[in-house]
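# Coordinates in review
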Amino acid sequence: MDLSAINPVLLLASLMVAATPILLAAIGELVVERAGVLNLGVEGMMITGAVCGFVVAVNSGSPWLGFLGAAAGGAGLALIFGGLTQFLLSNQVATGLALTLFGLGLSALVGQGYIGIKAPAFPDWHIPLLGDIPIIGPIIFQHDPMVYVGLIFVAGVWAFLTYSRLGLVLRAVGENHEAAHALGYDVIKVRLAAIIFGGACAGLGGAYLSLVRVPQWTEGMTAGAGWIALAIVVFASWRPWRLLLGAYLFGGITVLQLNLQAAGSALPVEYLSMTPYLATIAVLVIMRSGRAPGALGQIFHASR
């Protein structure tokens, strides 16, 4: 195995790209869970966003419109979940799993006519001056815009939850929905807003795979990314900045195993391909997660 073939600068730069779809999906799910809702349909929303974004981008010729379409697709699927769990009071775990199965089937149906088609180009940004800094420039300041959108979302969610009144209300709903309702807050509206935001973020994460990372439509292309996003939320103890660390950890291991394959590692490809998922499980076992929101997964009914 020739380790000299692995460029550390390129490795670190690729890490940020590999982490972005997981980061986008996970930050949305973090907001959903801080509102007290457990949505296990992240995988389904991601794959729906991937196919919706790809279809819109190919037909419009604009990847930006593709990302908007992906956010709408993910939010639409999340709205179905919200209606079932918040108004019809269905079980959140069962509904989330059904949502994933539905999203996988729907995306396969919609994407049938788009297999083998290349997505419109989505150029990288070379930030003036900063992008020319040796080592740091290529690693941080020469990426596509969605990499920075993911970072902005993390900072925005952290500021929203920490400093805003609406963020405080959302956290209160997630900790004790009965007390929040008694204080006059509309628990259902707060949770629905969080669910829709989480679905839009998952859709953006899926579209990043089909429009930037690959870029083409392949059935089942999320390959468990939604489940990893769910695990990273737990690893992060429902904290935005720790979630960023978890996403980069998974992205780094993913890129490293690809580089080891290219360098001619003696380990079978199948073993290398499973390392990101094994590492995620190991981290969850080793690391102690913080306390989950008090009302997470609990059904709310105003008449109770």
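Note that the coordinates shown come from a computational prediction; the quantities given were computed from them, not determined experimentally.

Below, the discussion takes up the side chain of Arg34. Within the secondary structure, Arg34 sits in helix H1 (residues 8-34). Buried and without a salt bridge, Arg34 has Glu175 as its closest oppositely charged side chain, separated by 5.5 Å. A polar atom in the side chain of Arg34 sits 2.7 Å from the backbone oxygen of Trp238. When sequence neighbours within four positions are dropped, the list of residues in contact with Arg34 reads Leu161, Leu170, Arg171, Gly174, Trp238 and Pro293.

Another point: the layout of surface pockets. Of the pockets and cavities examined, the largest pocket occupies roughly 440 Å³. In terms of lining, the largest pocket is formed by 20 residues, of which the most central are Arg213, Met221, Ala223, Thr254 and Tyr277. Where the lining of the largest pocket is concerned, the elements lending two or more residues are H1, helix H9 (187-213), helix H10 (225-235), helix H11 (240-262) and helix H12 (269-286). Ranked by residue count, the leading element in the lining of the largest pocket is H11, at five residues. Considered class by class, the residues forming the lining of the largest pocket number 13 nonpolar, six polar and one charged. Around the second largest pocket, the lining residues are Val31, Gly156, Val157, Phe160, Leu166, Val169, Leu170, Val190, Ala193, Ala194 and Phe197.

Of note, the bond from Val214 into Pro215 is cis; its omega dihedral lies within 30 degrees of zero at -25°. By the element assignment, Pro215 lies in the loop between H9 and H10. Its identity is not glycine, yet Leu89 carries a phi of approximately 60°, on the positive side. Within the element layout of this structure, Leu89 appears in the loop between helix H3 (63-87) and helix H4 (92-110). At Trp238, a position not held by glycine, the phi torsion is positive, near 60°. With respect to the element layout, Trp238 can be found in the loop between H10 and H11.

Our focus in this paragraph is the environment of Gly28. With respect to the helices and strands, Gly28 occurs in helix H1. Residues Gly28 and Ala200 lie 172 residues apart in sequence; the distance between their C-alpha atoms is 7.6 Å. In contact with Gly28, other than residues within four places in its own chain, are Phe197, Gly198 and Cys201.

Moving on to the nonpolar core. Residues Val42, Phe67, Leu211 and Leu243 are the most contacted members of the largest nonpolar core, which totals 74 residues. Listed by contribution, the elements that provide at least two residues to this core are H1, helix H2 (42-60), H3, helix H6 (145-163), helix H7 (165-175), H9, H10 and H11. For Leu243, the contacting residues outside a window of four places in its chain are Leu23, Ala26, Ile27, Leu30, Ile232, Val233 and Ala236.

For H4, which comprises 19 residues, the first-to-last C-alpha distance of 26 Å matches the rise-based estimate of 27 Å (1.5 Å per residue) to within 8%. Listing the buried residues of H4 in full gives Gln92, Thr95, Gly96, Leu99, Thr100, Gly103, Ser107 and Ala108. The inward-facing, buried residues of H4 abut H2, H3 and H10. Two or three places before Val93, at the opening of H4, Asn91 has a side-chain oxygen 3.0 Å from that residue's backbone nitrogen.

So, about empty space enclosed by the protein. Under the criterion given, the structure shown has one cavity of 30 Å³ or more. In this structure, the largest cavity encloses a volume near 80 Å³. For the largest cavity, the lining is made up of twelve residues, of which Ile232, Gly246, Leu249, Thr280 and Val283 are closest to its centre. The set of elements that each furnish at least two residues to the lining of the largest cavity consists of H10, H11 and H12. A per-element tally of the lining of the largest cavity places H12 first, with five residues.

What counts, and where the lines are drawn
Along each chain, residues carry numbers from 1 onward, in the same order as the chain's sequence is written. In keeping with the model being predicted, local features are shown solely for residues with a pLDDT of at least 70 and side-chain atom pairs are shown and tallied solely at 80 or more, while totals for entire chains, interfaces and linings include all residues. Where side-chain values are given, they derive from all heavy atoms of the structure, hydrogens and water being excluded. A helix here means a DSSP run of H or I that spans at least four residues, while a strand means a run of E at least two residues long, and both kinds are numbered starting from the N terminus. To sort residues, take the accessible area from a 1.4 Å probe on protein chains only and compare it with the maximum for the residue type: under 20% means buried, over 50% means exposed, and anything in between is partly exposed. Positive charges come from Lys and Arg alone, negative charges from Asp and Glu alone, with His and the N- and C-terminal ends not counted. Criterion for a salt bridge: a side-chain nitrogen of Lys or Arg within 4 Å of a carboxyl oxygen of Asp or Glu. Nitrogen and oxygen atoms within 3.5 Å of one another constitute a polar contact, given that in protein one can donate a hydrogen and the other can accept it, and given that sequence-neighbouring residues count only through two side-chain atoms. Any two residues whose heavy atoms approach within 4.5 Å at even a single point are treated as in contact. Cavities and pockets were defined on a 1 Å grid built from protein atoms only: a cavity is a group of points that admits a 1.4 Å probe but offers it no way out, a pocket is an open group of points flanked by protein on both sides within 12 Å along at least five of seven lines, and a lining residue is one with an atom within 4 Å of any such point. Grid points are joined across faces, edges and corners, and a volume is the space filled by probe spheres set on the points. The nonpolar class holds Ala, Val, Leu, Ile, Met, Phe, Trp, Tyr, Cys and Pro. Asp, Glu, Lys and Arg form the charged class, and all remaining residues, Gly among them, are polar. Side-chain atoms within 4.5 Å link the members of a nonpolar core, which is a set of buried Ala, Val, Leu, Ile, Met, Phe, Trp, Tyr and Cys residues. One less than the number of residues in a helix, times 1.5 Å, gives the span that helix is expected to have.

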